[in-house]
Structures are given as structure tokens and as C-alpha cells.
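# Results of the structural survey
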Amino acid sequence: MRLYFGLSGKESFSRFETMRDQYILDTFWTPIPHKWHGTFKGIFLDSGAFSAWKKGEAIDREAYADYALSGDFDAVAGDLRIGDADPDQTLIDTDYLSGLGLNALPAYHQGEPWEFLDHLVESYEYIGLGCTEEFSVTNSVTDWLYKCFWRICDEKGHPRVKVH
């Protein structure tokens, strides 16, 4: 298991210093300055779709792709929408980013059909799990995650895919 610590471009200098040689979760919404990228072991790029949704905004796919291509990211999130999350669009966005040579992973969002999660588990090595507009602030998140992992894990309880 690799643990990525979340940082944003709004962090203090001392916070960046304490995270040297760690794996970092960067976000396109408030990105870490590129000058810091070389100080981390690795960086996972999140689209920031949840933060954008909370502000009533959206992630521009081409701008996100340009930013992702400008750095050396271990992987990038392929889900760019939360409030209007749609399994087909998630796959279109993930495929678009993958086609650019990025290690993009799709996400399954709370409220989407369980069959979509089953498809991701069978088709990808690495997937994301995310909350959506309707459910993001309720206590149902824990129950939903348990249900997700029942589907993701094999009969011995081992995950069949890596999960972000």
C-alpha cells in the first residue's frame, strides 16, 4: 500500500518542507507549485472535481490535461465531474487522458449503478471511489464504502484492484 498525503497550493512553506520525500496527493483545483514537485517521492494528481462542485464550478478537461502533462505524476484522476457524474462520461474522460499517455484511473461515485463498479473492477488495475452531490454530506458514506469493498474484494477479502 502506498499512502499519498494531501497537499494543496495554499499550504505554508513549512508544511511543504515537512512533506519532503513523501508521496503526495496534489489537486488541480489548488495545485502545488511545480518547483516543489521534485522534492516528493511521487505525486498523484486529483482533478479537484469535488472542490469545484462545492463552489458551483466545473473542471475544464483540456486545462486539466495540460496541467497533468506538465508534471511527472504517478497517476491522475480520470473523473472530472461530481454533481453530474455519469459513468459513461467518466470512461470517456479517463480514456481521453489515457490516450494522451497519462496513467489515468476512473472513479466510481456513490449513487452510480453497482454494475459500473463491477465493470471497473474487471477492466482496470486501479480505480477511485468518490462521493457525489446527493450523498457527500450524509452518514451513508461508511455503509457505501463497506458495500464497495465487498464487491472489490475476492472471497478471501483481498482487493482485486488498487483503490484511491
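Our subject is the structure listed above.
Residues numbered from 1 in each chain as written. Predicted model: local features only at pLDDT ≥ 70, side-chain atom pairs only at ≥ 80, totals over all residues. Heavy atoms only, no water.

Let us now look at the pairing of strand β2 (residues 23-27). Pairing of strand β1 (residues 5-6) with β2, which is carried by two bridges, proceeds in the parallel orientation. Bridge pairing links G6 to L25 in β2. Between β1 and its parallel partner β2, the chain crosses via helix α1 (residues 13-18), and the hand of that crossover is right-handed. As judged from the five bridges shared by β2 and strand β3 (residues 42-46), these two strands associate in the parallel manner. By the bridge assignment, Y23 is partnered in β3 with G42. (Pairing = 2+ DSSP bridges. Helix = DSSP H or I, 4+ residues; strand = E, 2+ residues; numbered from the N terminus. Right-handed = clockwise from strand over helix to strand, strands pointing away.)

Okay, the sheet that holds strand β7 (residues 126-130) next. If you trace the three strands from one edge of the open sheet to the other, you get β6-β7-β8, paired in parallel fashion. Pairing within the sheet leaves two strands with one partner each, and these edge strands are β6 (107-109) and β8 (162-163). Pairing between β6 and β7: three bridges, direction parallel. When the sheet's bridge partners are listed, H109 is paired in β7 with G130. Packing against the sheet, helix α6 (residues 114-123) makes contact with β6 and β7, and its axis sits at approximately 165 degrees to β6. (Contact = heavy atoms within 4.5 Å. Axes fitted to C-alpha atoms, helices over the stretch in contact; angles between N-to-C directions.)

In this structure, the largest pocket spans a volume of roughly 420 Å³. In terms of lining, the largest pocket is formed by 15 residues, of which the most central are R2, Y4, Y126, K162 and V163. Along the lines of polarity and charge, the residues of the lining of the largest pocket split into 10 nonpolar, two polar and three charged. When its volume is computed, the second largest pocket comes out at roughly 350 Å³. (1 Å grid on protein atoms, 1.4 Å probe; cavity = no way out; pocket = protein on both sides within 12 Å on 5 of 7 lines; lining within 4 Å. Points joined across faces, edges and corners; volume = space filled by probe spheres on them. Nonpolar A, V, L, I, M, F, W, Y, C, P; charged D, E, K, R; others polar.)

Time to look at the sheet that holds strand β4 (residues 75-77). Read from one edge of the open sheet, five strands run β1-β2-β3-β4-β5, paired in parallel fashion. Looking at which strands have only one partner, the edges of the open sheet turn out to be β1 and β5 (104-105). Looking at chain direction, β3 and β4 are connected through two bridges and run parallel. Across the sheet, L45 pairs through a bridge with V76, a residue of β4. Of the strands in this sheet, β2, β3 and β4 touch helix α4 (residues 61-69), which is tilted by about 180 degrees from β3.

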